[in-house]
Amino acid sequence: MKNNILPPVLSCLTLIAIAINVTAQSTLELEEVVVTAQKRQQSAQDVPIAVSALTGDFIAENDIRSIEDLTASVPSLVATNSVSYGAAPLAIRGIGGANGGGNIFADEPVGIYIDDVYIAGLSVNTSDLLDVQSVEVLRGPQGTLYGRNSTAGAITLRSVRPTETFEGYVRASLAQYNEQRVQAAISGPLSETLQGRLAVSYSDREGYATNTFDNSKLGGGENTSWRASLRWLPNNDLTVDLIAESLDQDANAANINVADISNPNSVSPFTRRTDLQSTIESNDYALNHKNTFNAQNEGLTLLVNWQFEQFTVDSISGYRKFDGVGSQDSDGSAARLLFNSGIFGSEQITQELRVSGETGFGLNWLVGLYYFSNDSYLDFNINNVRGLFGLGTNANFKAHQDNDGQSVFADATWAINDIWSLSLGGRYSQESKDFDNTVSIFILNGGTFPAFSPITPGRTLAAGDVFRAPNLFTDSADYNNFSPRLVVNAQLSDNTLAYGSYSKGFTSGGFNSFGQTKSFKSQEVDAFELGFKGDLLEKTLRLNLSAFFYKYDNLQLRLPVPTGGVNIENAAEAEIQGFELESTLLINENWQLTTNVSLLDTEFTKGSIPAISAASNFSFGANIPLTQQSIVGNQLSRAPELQFYVNLDYNQPWGDNGELNAQFSVRYQDEIFFTETNQDKNTFIGESFVEADVRVTWTHLKADWELAVFGQNIFDERHITQVTALGGFPVASMNEPRKWGLDVTKHF
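Predicted model only: the values in this text are computed from it and were never measured. (Residues numbered from 1 in each chain as written. Predicted model: local features only at pLDDT ≥ 70, side-chain atom pairs only at ≥ 80, totals over all residues. Heavy atoms only, no water.)

> I'd like a rundown of the packing of aromatic side chains, residues and numbers included.
Each aromatic ring pair is summarised here by two numbers: the centre-to-centre distance and the angle between the ring planes. What the rule picks out here adds up to 23 aromatic pairs. Arranged with centres 6.5 Å apart and planes meeting at 10°, the rings of Phe293 and Phe344 form a pair that is stacked. With Phe293 in strand 20 (residues 292-307) and Phe344 in strand 22 (residues 338-358), this pair connects stretches of sequence that are 51 residues apart. No difference in accessibility class separates Phe293 from Phe344, as the two residues are buried. With a centroid separation of 6.5 Å and 75° between ring planes, the pair formed by Phe389 and Phe449 is classed as edge-to-face. Placement of Phe389 in the loop between strand 23 (363-384) and strand 24 (393-415) and of Phe449 in the loop between strand 26 (446-448) and strand 27 (460-462) is noted, with a sequence separation of 60 residues between them. (Phe/Tyr/Trp six-rings, centres within 6.5 Å; stacked < 30°, edge-to-face > 60°. Helix = DSSP H or I, 4+ residues; strand = E, 2+ residues; numbered from the N terminus. Buried < 20%, exposed > 50% of the residue type's maximum accessible area, 1.4 Å probe, protein only.)

Here it is, written out as structure tokens:
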């Protein structure tokens, strides 16, 4: 670990120690947090899983607009700003998906679930959170209960359910850079047995950056969404929820090239441009090709909970449809070098059936069946202006994949006595993928091949001519896996739990739509974890600790293709170990302190991958030969050695009917890599950063409305959040500059 780890850790522990001394005689108590991490409602302190639960109030009070705003607020979670196509890949404990979203047919290792329905795809990470009751972040492989490739962890979002009484709210906010957002919800009874809820949201962000090429705005977007819910309660034993939702999403990502490409005849992806930081801070970028993205998401969910005397039956049925279209300036500059465009989408059906119960001798059990079907398509163009000796290429990819999977799973916890309990579970999965891809190459600019060309010397081709006739590739593959889970729990007291666990995770293999290899293998992980959870000092201090060790085999890596696209290959082996601390402390009736710390140590222990050599320059857009490079001893990408988060919350009555709340939060993230090779270079690196936010809220308790002033990134710390290799060259997205805003909420 780096030398800069110790000071912030000691600072956090010192704050906790001081606060412990203050609260030793307090009669206050922290509120219980209820989660569904084990597919049933439990106190978070009773669950032997590293889980962070964020309430709807926390999301509103901390101005969390989307999942990508959660970086460092949750231990070991790295979320990024979108580079293109609404894709913001996530990483938990050093394991993440494609940089920039690269392959829509590949499965992400961080599973996203909305109202218990698995969501395939990345765009939900950048969409506005609407009427959310809670967000739970489960860290570590969740193969037994969640399946569907949750090898790094799972994020579950739960929407607010209809209510027995009439209620609602309207929330409006304004912020710098012409940002407006309105959300509203109304809920209540429709009959004696039927309840309904309708939530709507609209946001418009002009963008914080200016494209000096055409004076347009970058880094903005527009979202329109709604969700309608019905809850039917025919009797005390049966609950039926029907949820329909829709999202229309537009975005224009702000990104810039990191490398110096001022002379495209002789460039290297590992030579950093000298004006990079000043360009980031100026918010003036230059792109000659527009970054655009539009997507429509539609979903329908049916939840049935039927309680019998001896057991409970849960059915979760889901339908999701996603269609997207977009374009991107792939070179991230004003030069016309590399750009792409495409349409893509998917249609998925999921069905889960669970039966759970408990026996008279201390056994809680659950068995289930799961079915998943996803039909995905892609029609994509990669335009390489300087390819083929300046004639230019337009490579068109038309790909389609059918993915069908079934699994059976079970989990049981046996309370051996008042202290010890044993949990044992497993999931057997079968998955099949049918894939086809047609690749055609057309001439982009036109011209004559030089006499020395190894390809048809002296031949003249016009723009639009076929250079390579359509080439069809078809294949199919089946994947089978058994993922077990074993947990030993020790209830040390009424308010303290210690646990040790072993679990296995699995992410299925697949096919490359752009890559230089046709397919890639499944990846597997063996995970070991020790944890402690305690409500201490008369429940004024909540302290959760976890230490973990992972061993990955065939780890899936997203590698750049010099002429455009991404290639997924497997690394032989990698190991991850780490430590996490989460604490919440009631200092007194006015003050509360929340602290998170995570330490990570990641390393490739075996393997080599093809990569661009850093030894020489070449012409931008050329088909550069790759060299096999060892990655042994290198760190995994998006795996910061240190993260920490501190939030100080002050609450005070104000007048007869008022209440004042003030919050100040700081988050830190260590340096991270965005590539597995050439880690001694500085172009595929995200430097360490510190961001601070503040929010002051005044609430009128009698009239039930509140007014808040907030500031995000108040010290204007600018840094890179994501680097994606496009055409082999680093293109970066940045965090937003300092932003102040006003938020008004009325409840009724």
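So that's the structure; there's more coming.
> I'd love a proper account of the sheet that holds strand 8 (residues 117-119), names of residues and values included.
Within the open sheet, the five strands sit side by side as 3-9-10-7-8. Their pairing is mixed. Two strands lie at the open edges of the sheet, namely strand 3 (50-55) and strand 8, each paired on one side alone. Direction aside, neighbouring strands of the sheet carry axes that sit 20° apart on average. For strand 9 (residues 132-139) and strand 10 (residues 153-159), the ladder comprises seven bridges, and the chain directions are antiparallel. Along strand 10, the bridge assignment pairs Val135 with Leu157. (Pairing = 2+ DSSP bridges. Axes fitted to C-alpha atoms, helices over the stretch in contact; angles between N-to-C directions.)

> Which residues make up the pattern of salt bridges, and what values go with them?
Enumeration over the complete set of coordinates arrives at 32 salt bridges. Taking the shortest distance from any N to any O, the salt bridge between Arg542 and Asp535 comes out at 2.8 Å. The class of Arg542 is buried, set by a relative accessible area of 12%. What emerges from the salt-bridge pattern is a single network uniting Arg93, Arg139, Glu529, Glu580 and Glu582. (Salt bridge = Lys/Arg side-chain N within 4 Å of Asp/Glu carboxyl O.)

Everything listed is a geometric property; what it means functionally is a separate question.
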